[in-house]
Amino acid sequence: MLRGLSTFNLWAADLPAAVRWYAELLGTRPYFTSEAVGRGPGYVEFRVGDYQHELGIIDRRFAPPGLAAERGGTIVYWHVDDLPAALERLLARGAELLEPITERGPGFVTASVVDPFGNVLGVMYNRHYLDMLGRRDAQQ
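Residues numbered from 1 in each chain as written. Predicted model: local features only at pLDDT ≥ 70, side-chain atom pairs only at ≥ 80, totals over all residues. Heavy atoms only, no water.

Draft legend 1. Fine view of the environment of Thr 102. Within the secondary structure, Thr 102 sits in strand E6 (residues 96-105). Contact partners of Thr 102, with chain neighbours within four places excluded, come to Phe 108, Val 109 and Thr 110. Looking at Thr 102, its side chain comes within polar contact range of the main-chain oxygen of Pro 100, at 2.8 Å. (Helix = DSSP H or I, 4+ residues; strand = E, 2+ residues; numbered from the N terminus. Contact = heavy atoms within 4.5 Å. Polar contact = N/O pair within 3.5 Å; in protein donor to acceptor, adjacent residues only side chain to side chain.)

So, in structure tokens, the structure goes:
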């Protein structure tokens, strides 16, 4: 049923500030903005990582009714090659530590932060992710 991550959305009450924060963090500008296609401000998308997944940021005023303004209960973990360095960079940019570096098992280490806009962001060193990339690269 689930085939792959299509778009991961974050919410921000101050969309321009969130776009600047993530553009600096990711080292790239959004590839899509709703404003650029004539729909007015409210949504941007970045391409992220080995598979160019979509990271969207939506103005909180467009949140579905009933969506809590507090932190969500789901954490999406993004693979990073150097977890301590990634966590340090997030914290230096103003993210708040939610969960420190935690070993989950051999080859699996996680941490999570809350970005300045209230979204939970997980980072993880995941050996299976690297194995999968290796298999993909071998097939090409």
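There is more to say after this.
Draft legend 2. Main features of the layout of surface pockets. Taken as a whole, the largest pocket spans an internal volume of roughly 680 Å³. Lining the largest pocket we find 25 residues, and of these Val 48, Gly 49, Trp 78, His 79 and Val 80 sit closest to its centre. Broken down by secondary-structure element, the contributors of at least two residues to the lining of the largest pocket are helix H1 (15-26), strand E4 (53-59), strand E5 (77-79), helix H2 (83-92), strand E8 (120-126) and helix H3 (127-139). Counted by class, the lining of the largest pocket contains 18 nonpolar, 4 polar and 3 charged residues. (1 Å grid on protein atoms, 1.4 Å probe; cavity = no way out; pocket = protein on both sides within 12 Å on 5 of 7 lines; lining within 4 Å. Points joined across faces, edges and corners; volume = space filled by probe spheres on them. Nonpolar A, V, L, I, M, F, W, Y, C, P; charged D, E, K, R; others polar.)

Draft legend 3. Representation of the sheet that holds strand E7 (residues 108-114) in the model. A sheet is described by the order of its strands in space; here 4 strands give the open sequence E5-E8-E7-E6, paired in mixed fashion. Edge positions in the sheet fall to E5 and E6, since each has one partner strand and no second. Adjacent strand axes in the sheet meet at a mean angle of 25°, parallel and antiparallel pairs treated alike. Across the sheet, H3 touches E5, E7 and E8, and the angle it forms with E8 is around 65°. (Pairing = 2+ DSSP bridges. Axes fitted to C-alpha atoms, helices over the stretch in contact; angles between N-to-C directions.)

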